[in-house]
Amino acid sequence: MKLKVLSEAAREKIEAQFPKYPDKRSVCLAALRIAQEELGHVSEPAMIDIAELLELTPVQVYEVATFYTLYNLKPIGKFLIQVCKTLSCALVGAESVISHLENTLGIAIGETTKDGLFTLKVVECLAACGSGPMMQINDRYYEQLTPEKIETILGDLKREGQSKLATGPFMLPVLQG
Amino acid sequence: MAKYEPILLKNMLQPGYRGLLEEYRAVGGYTAFEKVLKEISPAEVIEIVKKSGLRGRGGAGFPTGLKWSFIPKDYPGPRYLCCNADESEPGTFKDRQLIERDPHQMLEGIGIACHAIGSHQAYIYIRGEFDLGAEIIQRALNEAYAAKYFGKNIFGTGFDLEVVLHRGAGAYICGEETALLESIEGKRGKPRTKPPFPAIHGLYQEPTVVNNVETLANLPYIINRGADWYAAIGTPKSTGTRVFCVGGHVKRPGNYEVPMGISLREMIYDIAGGIRGDKQLKAVIPGGASAPFLKPEHLDTPMDFEAIKEVGSMLGSGGVTVMDESVCIVWAATNLMEFFHHESCGKCTPCREGSAWILQILRRIEGGLGRPEDIDQLIMLCGRIEGKTVCAFGEAEVGPILSTIKHFREEYEQHIREKHCPFRPNAKLVMAH
C-alpha cells in the first residue's frame with residue numbers, strides 16, 4: 001500500500017500505537033497528531049492515508065479531524081498563538097492581550113503574518129485560570145502575561161525558536177525559597 | 001491564618017521536590033500499591049474506600065467506592081480503568097499541578113483502583129493542550145515500568161497491569177465520562193445515552209470505571225493511613241481535603257488544599273488574600289463554570305458538596321472564580337455562554353440550538369439592543385435545555401444564566417432600559433468563534 005502524503009516514518013509511528021489498544025480505530029486521534037506534526041496541518045489526502053492504515057473509511061477520520069479543535073485543517077504559521085479568552089482570563093486582561101498581539105503582529109484573529117511565522121487564534125479555557133492572562137504557543141504555555149513579556153516571548157521565538165518564559169512544571173502560588 | 005495539613009500537595013510543597021520516582025519512593029511511594037496487591041482483597045479495598053467517604057473530584061461528587069462496586073463481580077471479559085485528566089472546566093487548574101508536580105501519586109492510585117475493580121488495562125486521558133503534562137506522565141510511566149510497578153507480575157503477585165497515556169485533541173466535552181470513552185475509541189467525543197452506565201457497558205462495551213486525577217491521587221494515602229483517618233477530615237458527608245483552585249480578582253490566586261467545609265469567606269479573604277485593590281466582592285462561582293453564581297451573602301457557606309448545593313450552586317470541580325464590583329454580570333454570563341456554545345458537541349438539539357440562541361440574546365443585551373421580553377425569553381430557553389439533553393452539559397450551561405438572572409436581574413434590566421452596558425460603555429465583546 002502506497003501512502004499519498006505521509007512518510008514511512010509517520011507510518012511507523014502510527015503503527016507503533018496499535019498494540020496499545022484492542023482496536024485500531026482508537027489510534028485515530030494519535031494518527032492525526034502525527035500527521036499534523038509532519039505536515040503542519042491535516043489535509044484530506046493525509047486523512048485518506050490514515051484511513052488506509054487504520055482500516056477505516058475516510059469519513060470516519062474526517063469526522064474526527066473536524067470535531068477536535070487542535071487539528072489544523074489548513075496551513076498555519078510556524079508558531080500558533082492561542083490566547084485564552086474564557087472568564088478567569090477575561091477578568092484579568094485577556095482582551096488587552098489579544099489587542100496587543102493584533103497590533104504588534106499586524107493581523108486579526110484567525111490570520112497569519114505575511115512572513116508565515118505567527119498565526120493568532122483565540123480559544124476557550126486552557127486550565128491556567130489562576131495565572132492569566134495566558135496563551136499557548138505551539139506546545140508551551142506562557143502565563144501572567146504583560147505587554148513587555150509578550151514582546152520578549154515573540155522576540156525569543158523569532159530569534160531562537162523557543163523562549164525561556166515558557167511555564168515549566170506548574171505550581172501556583174509559586175513556592176517561596 | 002489557620003494552617004491545614006496538605007495531603008496531595010505535601011510532597012510538592014517541599015523545596016526541590018520534582019516528582020521523580022526516587023523522590024516519591026523516599027516518602028513512601030508505591031507502598032500502598034504493594035500492600036493492596038499482597039494483603040488486601042479487591043472487595044476489601046472497595047470497602048475501605050467506601051468507608052473513607054471519598055467522592056469524585058471531577059465535578060459530580062459521586063462516591064468512589066460505590067462507583068467501583070457497580071462493576072460486575074464475575075464478569076469474564078476485560079474491564080477498564082480510565083483516569084480523567086481532561087481538565088477543562090473553566091476556573092479549574094488543579095489536575096495540571098498534580099500531574100506536573102507529583103505524577104506518581106496519581107499513577108499509584110491507578111494501580112490501586114485497577115486492583116479493586118480487577119482491571120489489567122488502564123488509560124490516562126489527558127487533554128490535548130497539556131503537552132508538558134503528557135511528557136511528564138510519560139516520563140513517570142517509563143520510570144514506573146522500569147521499576148516493575150506496571151507490566152507483568154507486579155510485586156511477584158501475578159497481577160498484570162498496562163497503563164497507556166491517551167492524548168485528547170481539544171474538546172471540553174471529553175471530560176464527560178462517556179464522551180471520554182468515545183474519544184479513546186477514536187471517535188467524535190459525543191456523550192452516550194445512559195443507561196447503560198460505563199460500569200456495565202463502557203470502553204469497547206466492557207465494564208469501565210472513570211475516575212478523576214485528584215480522586216485517584218487520594219487512594220495511596222487512604223490505604224496507608226486508613227479509612228477512619230480520611231473520614232475524620234472535612235465534614236461527615238464531604239470527607240477529606242479538596243484542592244481548590246482560586247482565580248479571578250483575588251490577591252493570591254492558586255491551588256490551595258484544605259479540608260472540605262471551610263467557608264467561602266475563609267477561602268477568598270484569608271487563604272487567597274482577599275480582593276485585589278481591596279474592592280468589594282460582587283459574585284463568586286464556587287465550582288467551575290458549570291456551577292451557578294453566588295453572591296456576597298453566601299460567603300459563610302461551607303465549601304462542601306451539600307452546603308453549596310443548598311444555596312443553589314455546586315462544588316463541582318473546585319474552581320473558585322472571584323469577581324469584584326467592577327464586573328458586568330451580563331458580560332460575564334455572555335463570556336461563559338460563548339464557552340458553552342463553542343463546546344456544545346452538537347448531539348442534542350436543545351443544547352446545540354439553544355446555546356446559540358441564548359448567546360445571541362445575551363450579546364444583544366450586552367450590546368445595548370436588548371428588549372424588555374429578553375429576560376423571560378432567556379429563562380424559557382434555559383427551561384427547554386435543562387433536563388432535555390443526554391449529558392449534564394445541558395444543566396451546566398443554563399446555570400450561569402439562570403443564577404445571574406436570579407441574583408442580578410436588575411443589572412439585566414438596566415442594560416435593556418439604558419440601552420448600553422453600564423460597566424463597559426465602549427467595550428466590544430470578544431467574538432472569539
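Residues numbered from 1 in each chain as written. Chains lettered and ligands numbered in written order. Predicted model: local features only at pLDDT ≥ 70, side-chain atom pairs only at ≥ 80, totals over all residues. Heavy atoms only, no water.

Draft legend 1. The arrangement of the layout of surface pockets in detail. Taken as a whole, the second largest pocket spans an internal volume of roughly 830 Å³. Around the second largest pocket, the lining is made up of 44 residues, and of these A:Tyr68, A:Thr69, A:Leu70, A:Lys121 and B:His342 lie nearest the centre. Within the residue set of the lining of the second largest pocket, elements represented by two or more residues are β2 (118-123) of chain A together with α13 (329-343) of chain B. A per-class count over the lining of the second largest pocket returns 22 nonpolar, 14 polar and eight charged. Lining the lining of the second largest pocket are residues from two domains, each supplying at least three of them: domain 1 (11-231) and domain 3 (329-418) of chain B. (1 Å grid on protein atoms, 1.4 Å probe; cavity = no way out; pocket = protein on both sides within 12 Å on 5 of 7 lines; lining within 4 Å. Points joined across faces, edges and corners; volume = space filled by probe spheres on them. Helix = DSSP H or I, 4+ residues; strand = E, 2+ residues; numbered from the N terminus. Nonpolar A, V, L, I, M, F, W, Y, C, P; charged D, E, K, R; others polar. Domains from an automatic or database assignment.)

Draft legend 2. Just the packing of aromatic side chains, in detail. Residues and elements named next belong to chain B. If you walk through the whole model with that rule in mind, you get 21 aromatic pairs over all chains. By the ring-pair criterion, three or more aromatic residues cluster together here, those being Tyr-24, Tyr-30, Phe-33, Tyr-145, Tyr-149, Phe-150 and Phe-155. The ring of Phe-130 has Arg-127 lying over it, and the distance from NZ or CZ to the ring centre is 5.6 Å. Stacked on the ring of Phe-408, the Lys or Arg Lys-295 has its end atom at 5.4 Å from the ring centre. (Phe/Tyr/Trp six-rings, centres within 6.5 Å; stacked < 30°, edge-to-face > 60°. Lys NZ or Arg CZ within 6 Å of the ring centre and 35° of its normal.)

Draft legend 3. Structural detail: the nonpolar core. Formed by 92 residues in total, the largest nonpolar core has its most connected members in A:Leu32 and A:Tyr68. It is α13(B) that provides the largest number of residues to this core, a total of nine residues. Residues contacting A:Leu32, with those up to four places away along its chain left out, are A:Val42, A:Met47, A:Ile50, A:Val61, A:Val64, A:Ala65 and A:Tyr71. Formed by 71 residues, the second largest nonpolar core is a distinct cluster that contains A:Leu126, B:Ala134, B:Leu161 and B:Tyr230. (Core = buried A, V, L, I, M, F, W, Y, C linked by side-chain atoms within 4.5 Å. Buried < 20%, exposed > 50% of the residue type's maximum accessible area, 1.4 Å probe, protein only. Contact = heavy atoms within 4.5 Å.)

Draft legend 4. Here's a closer look at the interface of chain A and chain B. Each partner contributes residues to the interface: chain A has 49 residues there, and chain B has 74 residues. Summed over both partners, the interface of chain A with chain B comes to about 5,000 Å²; 58% of that surface belongs to carbon and sulfur atoms. Linking chain A with chain B are five salt bridges, by the criterion used here. Taken together, the connections running from chain A to chain B amount to 29 residue pairs in polar contact (both at pLDDT 80 or more). Put simply, the parts of the chain that give the side of chain A that touches chain B at least two residues each are α2 (28-39), α4 (58-65), α5 (87-91), α6 (94-105), β2 and β4 (140-142) of chain A. Looking at side-chain class alone, the side of chain A that touches chain B contains 28 nonpolar, ten polar and eleven charged residues. (Buried area = accessible area lost by both parts, 1.4 Å probe. Salt bridge = Lys/Arg side-chain N within 4 Å of Asp/Glu carboxyl O. Polar contact = N/O pair within 3.5 Å; in protein donor to acceptor, adjacent residues only side chain to side chain.)

Draft legend 5. Spatial organisation of a nonpolar patch on the surface. All names here are of chain B. A surface patch of nonpolar side chains, about 250 Å² in accessible area, is lined by Phe-62, Leu-66 and Phe-70. Among the structural elements, Phe-62 can be located in the loop between α3 (42-52) and α4 (64-69). According to the relative accessible area criterion, Phe-62 is partly exposed, its value standing at 37%. (Patch = residues over 30% accessible without salt bridge, like charges linked within 9 Å, V, L, I, M, F, W, Y side chains within 5 Å. Areas by Shrake-Rupley, 256 points an atom, 1.4 Å probe, with all protein chains shown as cover.)

Draft legend 6. Region of interest: the pairing of strand β1 (residues 80-85) of chain B. All names here are of chain B. Across the six residues of β1, six count as buried, placing the element largely inside the fold. Taking every second residue as pointing to the same face, both faces of β1 are buried, with Tyr-80, Cys-82 and Asn-84 on one and Leu-81, Cys-83 and Ala-85 on the other. By the bridge criterion, six bridges tie β1 to strand β2 (residues 121-126) in an arrangement that is parallel. Pairing of Ala-85 across the sheet is with Ile-126, part of β2. Sheet topology note: the β1/strand β5 (residues 208-212) ladder contains five bridges and is parallel. By the bridge assignment for β5, Leu-81 is matched with Val-209. (Pairing = 2+ DSSP bridges.)

Draft legend 7. Structural view of the sheet that holds β4(A). Residues and elements named next belong to chain A. Taken in spatial order, the four strands line up as β2-β1-β3-β4 in an open sheet, and their pairing is mixed. Bordering the open sheet on either side are β2 and β4, each of which pairs with just one other strand. With strand direction ignored, the average angle separating the axes of adjacent strands in the sheet is 25°. Sheet topology places strand β1 (residues 79-84) next to strand β3 (residues 135-137); three bridges connect them, and they run antiparallel. Following the sheet pairing, Ile-81 is matched in β3 by Ile-137. Docked against the sheet, α6 engages β1, β2 and β3, running at close to 150° with respect to β1. (Axes fitted to C-alpha atoms, helices over the stretch in contact; angles between N-to-C directions.)

Draft legend 8. Local environment of the pattern of salt bridges. Residue and element names in this part refer to chain B. Under the definition given, this model contains 39 salt bridges over all chains. A salt bridge links Lys-67 to Glu-177, with the nearest nitrogen and oxygen atoms 3.0 Å apart. Remark: Glu-177 occurs in helix α8 (residues 177-184) and Lys-67 occurs in helix α4; sequence separation between them is 110 residues. Across the pair Lys-187 and Glu-185 runs a salt bridge whose closest N-O atoms are separated by 2.8 Å. For Lys-187, a relative accessible area of 22% gives the class partly exposed.

Draft legend 9. Spatial organisation of the packing of helix α3 (residues 44-54) of chain A against α4(A). Residue and element names in this part refer to chain A. Closest axis-to-axis distance for the α3/α4 pair is 8 Å, and the angle between their directions is 120°. Judged by the inter-axis angle, α3 sits oblique to α4. Once α3 is placed against α4, the crossing between them reads as right-handed. Along its contact with α3, which presents Glu-44, Met-47, Ile-48, Ile-50 and Ala-51, the element α4 presents Pro-58, Val-61, Tyr-62 and Ala-65. In the contact of α3 with α4, the residues fall into eight nonpolar, no polar and one charged. (Parallel < 35°, antiparallel > 145°, perpendicular 65-115°, else oblique. Left-handed = near helix turned anticlockwise from the far one by under 90°.)

Draft legend 10. Summary view of the environment of B:Gly109. All names here are of chain B. Mapping Gly-109 onto the fold places it in helix α6 (residues 103-117). Owing to a relative accessible area of 0%, Gly-109 belongs among the buried residues under this scheme. Measuring from C-alpha to C-alpha, the distance between Gly-109 and Ala-217 comes to 5.3 Å, with 108 residues separating the pair along the chain. Apart from residues lying up to four places away in sequence, Gly-109 is in contact with Leu-216, Leu-219 and Pro-220.

That is the geometry; function is a separate question.
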